[in-house]
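If you want the building blocks of each chain, they are given just below.
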Amino acid sequence: MDEELRSLTDRLRDETEEPAVYRKLLATDDDEELARVLIEPARPLWAREIAAFRLGCRGDRRAFEALVLLLNHRDPERCVSAAHALLLLDDPRTPKAAATLATNALRTAYAMHPVRLLTALRAPESVPALVSTLRRLLTPEEPHWRVALACVEGLGALGDGEARPVLEAALPHPRLGRAAAEALSRLPAP
């Protein structure tokens, strides 16, 4: 059992009121059974999460929609599990979905994991989405500075020169300046 699956199972064990169903979803090798969990009515969130995670990690694209919804969940641990599965899923729709979530101004509080997923994906959508999100978060008294910091770090990791202007704009920000300087040092010379 890998670390992400162990973390998910430990967390969801406390949520379930149906231990036999929980154990069955973790034990089954039947992708059809897992896929049915995603579409059957009245299934609890924990069951859908197990099914989507397991299918996503196996590369079964039927998990995509459920994983995107979990990536945008208010519970950060659900977001971490969904991002992990989406990365392994390798669905071509993932970068666009992550970029949409990262740039949604109404969901900024939940954008940390989409931002980190975009960095890991290294997709064409990654830099524009991170630049757009960071630019919006450079206002004074921005409460979501941790998301801005994730954007700065992601842009540094991606090393794309298109990020230079927004990273330079982040330099005077007290919580972002050091990371912005580090990110700028990783960009190609202008």
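None of these values were measured; they are calculated from a predicted model.

### Comments concerning the overall build of the protein
Looking only at helices and strands, the protein has twelve helices and zero strands in total. Starting at the N terminus and walking to the C terminus, you meet the elements of the protein as α-α-α-α-α-α-α-α-α-α-α-α. Principal-axis analysis of the C-alpha atoms places the extent of the protein at approximately 55 × 30 × 25 Å. Counting only residues that meet the buried cut, the protein has 48% of its 190 residues in that class. As displayed, the protein offers around 9900 Å² of accessible surface, 53% of which is attributable to carbon and sulfur atoms.

### Concerning the packing of helix α1 (residues 3-13) against helix α6 (residues 76-89)
Look at α1 against α6: their axes get within 10 Å of each other, and the N-to-C directions meet at 145°. As for the relative orientation of α1 and α6, their crossing is left-handed in sense. On α6, the residues touching E4, L8, R11 and L12 of α1 are E77, R78, V80, S81 and H84. A per-class count over the contact of α1 with α6 returns three nonpolar, two polar and four charged.

### Structural notes on the environment of P114
Note that P114 resides in helix α8 (residues 112-121). Apart from residues lying up to four places away in sequence, P114 is in contact with L71, A98, L101 and A102.

### Let's talk about the packing of helix α3 (residues 31-39) against helix α4 (residues 45-57)
Where α3 contacts α4, the two axes come as close as 8 Å, and the packing angle between them is 135°. Here α3 lies oblique to α4, going by the angle between them. Of the two elements, α3 crosses α4, and the hand of that crossing is left-handed. For the pair α3 and α4, contact is made by D31, L34, A35, V37, L38 and I39 and by A47, R48, A51, A52, R54 and L55, respectively.

Criteria and cut-off values
Residues numbered from 1 in each chain as written. Predicted model: local features only at pLDDT ≥ 70, side-chain atom pairs only at ≥ 80, totals over all residues. Heavy atoms only, no water. Helix = DSSP H or I, 4+ residues; strand = E, 2+ residues; numbered from the N terminus. Buried < 20%, exposed > 50% of the residue type's maximum accessible area, 1.4 Å probe, protein only. Areas by Shrake-Rupley, 256 points an atom, 1.4 Å probe, with all protein chains shown as cover. Axes fitted to C-alpha atoms, helices over the stretch in contact; angles between N-to-C directions. Left-handed = near helix turned anticlockwise from the far one by under 90°. Contact = heavy atoms within 4.5 Å. Nonpolar A, V, L, I, M, F, W, Y, C, P; charged D, E, K, R; others polar. Parallel < 35°, antiparallel > 145°, perpendicular 65-115°, else oblique.

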